[in-house]
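Structure at a glance
If you want the building blocks of each chain, they are given just below.
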Amino acid sequence: MADTIAETVDLLYTIDQDKLTPDQQIALGSALATLAQAERLEQINERLRSIHQVLNTWAMKSTLEGGR
């Protein structure tokens, strides 16, 4: 997903905004805002994966230690 986001960002920033109609500029702004939201969600997802790994490690240790 990160590669797709990066490629889309590159593509959006190559657009010459001076040549766009007002409606196209609004659509571009909306696309950039949506992209920023997707990037933020990906960051949150990565953090949740890390937390999940830590919790799984703790659960496994607890099980191996007999629940001590």
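Rules of the game
- Residues numbered from 1 in each chain as written.
- Predicted model: local features only at pLDDT ≥ 70, side-chain atom pairs only at ≥ 80, totals over all residues.
- Heavy atoms only, no water.
- Helix = DSSP H or I, 4+ residues; strand = E, 2+ residues; numbered from the N terminus.
- Rg over C-alpha atoms; globule rule 2.2 N^0.38 Å.
- Buried < 20%, exposed > 50% of the residue type's maximum accessible area, 1.4 Å probe, protein only.
- Areas by Shrake-Rupley, 256 points an atom, 1.4 Å probe, with all protein chains shown as cover.
- Lys, Arg positive; Asp, Glu negative; His and termini not counted.
- Charge placed at Lys NZ, Arg CZ, Asp CG, Glu CD.
- Salt bridge = Lys/Arg side-chain N within 4 Å of Asp/Glu carboxyl O.
- Patch = residues over 30% accessible without salt bridge, like charges linked within 9 Å, V, L, I, M, F, W, Y side chains within 5 Å.
- Core = buried A, V, L, I, M, F, W, Y, C linked by side-chain atoms within 4.5 Å.
- Contact = heavy atoms within 4.5 Å.

1. Some remarks on the overall build of the protein chain
The helix and strand inventory of the protein chain stands at 2 helices and 0 strands. Scaling as 2.2 N^0.38, a compact globule of 68 residues should have a C-alpha radius of gyration of about 11 Å, whereas the protein chain reaches 21 Å, well beyond that. Judged by the C-alpha coordinates and their principal axes, the protein chain covers about 70 × 15 × 10 Å. By the burial criterion, 9% of the 68 residues in the protein chain qualify as buried. Accessible surface computed for the protein chain: about 5,800 Å², of which carbon and sulfur atoms make up 58%. For the protein chain, the centre of its 6 positive side-chain charges and the centre of its 10 negative side-chain charges are spaced 16 Å apart.

2. Some thoughts on the pattern of salt bridges
Proximity of charged atoms lets side chains of opposite charge pair with each other. Under the defined criterion, the tally for this structure stands at 1 salt bridge. Notably, a salt bridge pairs Glu46 with Arg49, separated by 2.3 Å at the nearest N-O pair. Placement of the pair is Glu46 and Arg49 together in helix 2 (residues 22-64), with a separation of 3 residues, close to one helical turn. Classification of Arg49 by relative accessible area gives partly exposed; the value is 39%.

3. Structural notes on a nonpolar patch on the surface
On the surface, a cluster of nonpolar side chains totalling about 690 Å² of accessible area is made up of Leu41, Ile44, Leu48, Ile51, Val54, Leu55 and Trp58. The class for Val54 is partly exposed, based on a relative accessible area of 39%.

4. Examining the nonpolar core
Counting residues in hydrophobic clusters, the biggest one holds 5 residues: Ile5, Val9, Leu12, Leu28 and Leu35. Those elements giving two or more residues to this core turn out to be helix 1 (2-13) and helix 2. If you tally residues by element for this core, the top one is helix 1, at 3 residues. Apart from the residues within four sequence positions on either side, Val9 is in contact with Leu35 and Glu39.

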